[in-house]
Amino acid sequence: MVTKTSPRGEGPEPAGGHRSRPLRSARWYERDDMRGFAHRQRTQQMGLRREEFLGRPVIAIINTWSEMSPCHAHLRERATAVKRGVLLAGGYPVELPALSVGEVMVKPTTMLYRNFLAMETEELLRSHPIDGAVLLGGCDKSIPGMLMGAFSMDLPAIVCPAGPMSTGQWRGVRTGAGTHTKKYWDELRAGNITADDWIDLESRMTRSIGTCNTMGTASTMSAIAEALGMTLCGASSIPAADSGHERMASACGSRIVAMVEEDLRPSQIVSTAAFRNAATVYMALGGSTNAAIHLVAMAGRAGVKLTLDDLAQIARSVPVCANLFPSGDRLMEDFYFAGGLPALLAKIDTRLDLDCRTVEGRSLGEAIAGAACYDDTVIRGLDDPVVPLSRGRTLELLRGNLCPDGAVLKSSAADPRLMRHEGTALVFDSPAEMSAQIDHPDLAVDENTVLVLRNAGPVGAPGMPEWGNLPIPRKLLARGVRDMVRICDGRMSGTHYGCCIVHAAPEAAVGGPLALLHTGDRVRLDVAAGRLDMLVSDEELTERRQAWRPPARAYQRSYAALYQAHVTQAPEGCDFDFLAGTIPTPEPDIY
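Residues numbered from 1 in each chain as written. Predicted model: local features only at pLDDT ≥ 70, side-chain atom pairs only at ≥ 80, totals over all residues. Heavy atoms only, no water.

Chemist: Before we move on, could you go through the pairing of strand β9 (residues 420–428) and cite the residues and values that matter?
Modeler: Of the pairings in the sheet, the one linking β9 to strand β13 (residues 522–526) comprises five bridges and is antiparallel in character. Residue pairing for β13: R420 is matched across the bridge by D526. Bridging between β9 and strand β10 (residues 450–453) involves four bridges; their strand directions are parallel. When the bridges of β10 are listed, V427 appears paired with V452. (Pairing = 2+ DSSP bridges. Helix = DSSP H or I, 4+ residues; strand = E, 2+ residues; numbered from the N terminus.)

Below, the structure written as structure tokens:
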């Protein structure tokens, strides 16, 4: 035996009873051979005493902090708070940096690297002597990426969300990151604000640490993590700059040690019912269309079958109840002070499976018992929604000869007059082509035109960038036009709004029908019927198919080449074909 005071894999007596199973880290630290000696020796090389790590649960803090990710600028400090909680509970914390997928700075898109982060999270946990993990992230792809890796590894894990930034304001107008960036960019192009106004806005809208303060992808995925049961109750709503956020991080550290002692793993939490809860909350929040991709991918890693049709079915019965941009007119700080996600869950509890387990070790129903709403104008009930189902939904699923495998639209944030529309297509093959032409005064376009951008999908771009909110031509902005039908095989920011049909599948680059559409073709949208079609004969489409050639791929090496070779299409979650599913992966050999 290595030590008489620390039996193999047991360590100090856990609070509340015996450890459920030996520590995984004991395979490294409590061996009697030379390799075990080296593991203990090198840990002590960092100035630690044997008593500080031997026999204690080793807790990985997977930290996506980066100075190129302003939304995560505070995660170093939050990691310190997590460590306090781990030490308080008798664990040994270790911080492991991971890829920081900050949406704004990473090009061409963080979606290209979500699967990279999922792989990194899984392999960091597998290759090191880790018993449990706290996942620190928030900006768009970090939470789904880390959860995908954590689900595949299936060690005890808890999400510590980065939290939304504080409310912005400009000249008396409450501003939301992303949503008002798009709004004021259009006003600048229309000549309604000046270049000096635009510069002034830069320092007014994003006034603190944290993720976008609208119901964009970051807020959506943080709330989904909570609805799945993977965060502490209420954690997803706490503003990043609030002192309560640091206390929540410390509580995550303490709770993960207890989860290791209880052997409470994701596989015991993220059931089919839990994913249906998450989808229900997604719809009630008016969440980002990006969640339709992430939820499918996350479910696949958890062994749960979840499809676009499942999501669309839930969307048809759950209205938007959170009054948050872009479907509403409030911000995440308002949501927090109104009671946060627990208050929303309590208001829609008849649509939830309250028996689902959470990381707290109790049921969802027990977690939200007593949750109160303090502002019914921000958090509404199913009987008084922000956007009634008759007016729009968080997610519309469309199919037709332009998108036989599906495309999605957030009708709750689009002009209702466009929900049934027919117009002439104006097709762009790249964002460069579109940018060069979109504001030309002689562009053949009017408010009825259907703008199309293709080759923006998972393979084509690659990585499916957020190019789907195509700009409205300047000459139409000057005439007061603020929404048009737009179609893309890429994505759009969850903070944005408009009649943007995205995720068209199969994408153009792999021969999807969008590749066959020509400028001048008529396109018909019928949201009520779930249809998106080009009015082109089958015979003509057959001829175009025969003439079509796949575009050359720019990447012959690098991670992007691997991505293009193995990524699935949007309806399958854009995971890698060799990572999806639940086939067991062996633990590493130690010799």
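What follows picks up the thread again.
Chemist: Just give me the short version of a nonpolar patch on the surface, but keep the residues and values in it.
Modeler: Together, M68, V104 and M105 give the surface a local cluster of nonpolar side chains, amounting to about 330 Å² of exposed area. Of note, M68 is situated in the loop between β1 (58–63) and α3 (75–88). (Patch = residues over 30% accessible without salt bridge, like charges linked within 9 Å, V, L, I, M, F, W, Y side chains within 5 Å. Areas by Shrake-Rupley, 256 points an atom, 1.4 Å probe, with all protein chains shown as cover. Salt bridge = Lys/Arg side-chain N within 4 Å of Asp/Glu carboxyl O.)

Chemist: Describe unusual backbone geometry, and please don't skip the residues or the numbers.
Modeler: Cis peptide bonds are those with omega within 30 degrees of zero, and the linkage from K107 to P108 qualifies with 5°. Within the secondary structure, P108 is located in the loop between β2 (92–97) and α4 (111–127). Put simply, A461 and P462 share a cis peptide bond, and its omega is -5°. Within the secondary structure layout, P462 lies in the loop between β10 and α17 (474–478).

Chemist: Describe in detail the state of the cysteines, supporting the description with residues and values.
Modeler: Inspection of the entire model under this criterion finds zero disulfides. Free of any disulfide, C252 has its nearest neighbouring cysteine sulfur in C160, separated by 4.3 Å. The exposure class of C252 is buried, given its relative accessible area of 0%. There is no disulfide at C373, and the cysteine sulfur nearest it, in C321, is 11 Å away. Accessibility expressed as a relative area gives 24% for C373, which makes it partly exposed. (Disulfide = S-S within 2.5 Å. Buried < 20%, exposed > 50% of the residue type's maximum accessible area, 1.4 Å probe, protein only.)

Chemist: Describe the side chain of N213, listing the residues and the values that go with them.
Modeler: Along the chain, the position of N213 falls in the loop between α7 (195–202) and α8 (217–228). By relative accessible area, which is 0% here, N213 ends up buried. Engagement of the side chain of N213 in a polar contact is seen with the backbone nitrogen of A177, the distance being 2.9 Å. Filtering out sequence-adjacent residues up to four positions away, N213 remains in contact with P164, M165, S166, T167, G168, T175, G176, A177, L331 and M332. (Polar contact = N/O pair within 3.5 Å; in protein donor to acceptor, adjacent residues only side chain to side chain. Contact = heavy atoms within 4.5 Å.)

Chemist: So what's going on with the packing of aromatic side chains? Which residues, and what values?
Modeler: How two aromatic rings sit relative to each other is set out by the distance from centre to centre and by the angle between their planes. This structure, assessed with the given rule, holds twelve aromatic pairs. When the centroid spacing of 5.1 Å and the interplanar angle of 70° are considered together, the rings of F116 and Y559 count as edge-to-face. Taken as a pair, F116 in helix α4 and Y559 in helix α19 (residues 559–566) lie far apart in primary sequence, 443 residues in all. Y559 gets classed as buried once you look at its relative accessible area, which sits at 17%. When the ring of Y563 is compared with that of F576, the centres are 5.5 Å apart and the planes differ by 75°; the resulting orientation is edge-to-face. Of this pair, Y563 sits in helix α19 while F576 sits in the segment after α19, and the two are 13 residues apart along the sequence. Pair check on accessibility: Y563 and F576 agree, each one buried. Taken together, the ring pairs connect Y113, F116, Y559, Y563, F576 and F578 into an aromatic cluster. Looking at R27, its charged tip hangs above the ring of W28, at a distance of 5.6 Å from the centre. (Phe/Tyr/Trp six-rings, centres within 6.5 Å; stacked < 30°, edge-to-face > 60°. Lys NZ or Arg CZ within 6 Å of the ring centre and 35° of its normal.)

Chemist: Quick one: what's the story with α3, residue by residue and with numbers?
Modeler: The end-to-end C-alpha separation of α3 is 20 Å, in line with the 20 Å expected for 14 residues at 1.5 Å each. Those residues of α3 that fall on the buried side of the exposure criterion are L75, R78, A79, A81, V82, G85 and V86. For α3, the arc enclosing every buried residue in end-on projection is 160°, short of the 170-degree limit, so these residues lie on one face. Seen from the buried face of α3, the exposed residues on the opposite side, beyond 90 degrees, are L87 and L88. For α3, the elements touching its buried residues are β1, β2, β3 (132–137) and α9 (243–262). (Expected span 1.5 Å × (residues − 1). Arc of directions from axis to C-beta.)

Chemist: Let's hear about the side chain of E122: which residues, and what values?
Modeler: Residue placement: E122 occurs in helix α4. Residue E122 is classed as buried on the basis of its relative accessible area, which comes to 7%. Setting aside anything within four residues of it in sequence, one finds E122 in contact with G149, S152, M153, R301 and T585.

Chemist: An account of helix α2 (residues 34–44) is needed here, citing residue identities and associated values.
Modeler: Residues of α2 that are buried include every one of G36, A38, H39, R40 and T43, and no others. Where α2 is buried, its residues contact α1 (26–29) and β2.

Chemist: Let's hear about the layout of surface pockets: which residues, and what values?
Modeler: Reported here for the largest pocket is a volume of approximately 1,300 Å³. Together, 45 residues line the largest pocket, and V104, K107, G178, T181 and H496 are the ones closest to its centre. Among the secondary structure elements, those contributing two or more residues to the lining of the largest pocket are α6 (179–190), α7, α8 and α16 (431–437). In terms of residue count, α6 provides more of the lining of the largest pocket than any other element does, four residues in total. The computed volume of the second largest pocket comes to approximately 430 Å³. What lines the second largest pocket is a set of 25 residues, and nearest its centre among them are E122, R126, S152, I583 and T585. Listing elements by their share of the lining of the second largest pocket, those giving two or more residues are α4 and α5 (142–153). Per element, the largest residue contribution to the lining of the second largest pocket is four residues, and it comes from α4. Within the lining of the second largest pocket, the residues separate by chemical class into 13 nonpolar, five polar and seven charged. (1 Å grid on protein atoms, 1.4 Å probe; cavity = no way out; pocket = protein on both sides within 12 Å on 5 of 7 lines; lining within 4 Å. Points joined across faces, edges and corners; volume = space filled by probe spheres on them. Nonpolar A, V, L, I, M, F, W, Y, C, P; charged D, E, K, R; others polar.)

Chemist: Explain the nonpolar core to me, and be specific about the residues and the numbers.
Modeler: In this structure, L228, M230, F275, L311 and F335 are the most contacted members of the largest nonpolar core, which totals 111 residues. Top element by residues in this core is helix α10 (residues 272–285). It accounts for nine residues. Excluding anything up to four places from it in sequence, L228 contacts F151, I269, V270, A274, F275, A278, M298 and R357. Judged by nonpolar contacts, the second largest core, of 29 residues, contains L517, V527, V536 and L541. (Core = buried A, V, L, I, M, F, W, Y, C linked by side-chain atoms within 4.5 Å.)

Chemist: Describe in detail empty space enclosed by the protein, supporting the description with residues and values.
Modeler: What the rule picks out here adds up to six cavities of 30 Å³ or more. Empty space within the largest cavity amounts to approximately 60 Å³. Around the largest cavity, the lining residues are E226, G229, T231, L232, C233, L345, T358, E360, L364, A367 and I368. When residues of the lining of the largest cavity are assigned to their parent elements, the largest contribution, three residues, is made by helix α15 (residues 364–368). For the lining of the largest cavity, the class distribution of residues is six nonpolar, three polar and two charged. There is about 50 Å³ of room inside the second largest cavity. Along its surface, the second largest cavity is lined by S288, T289, K410, A413, M492, S493, G494, H496, Y497 and G498.

This is a description of form; function is not addressed.
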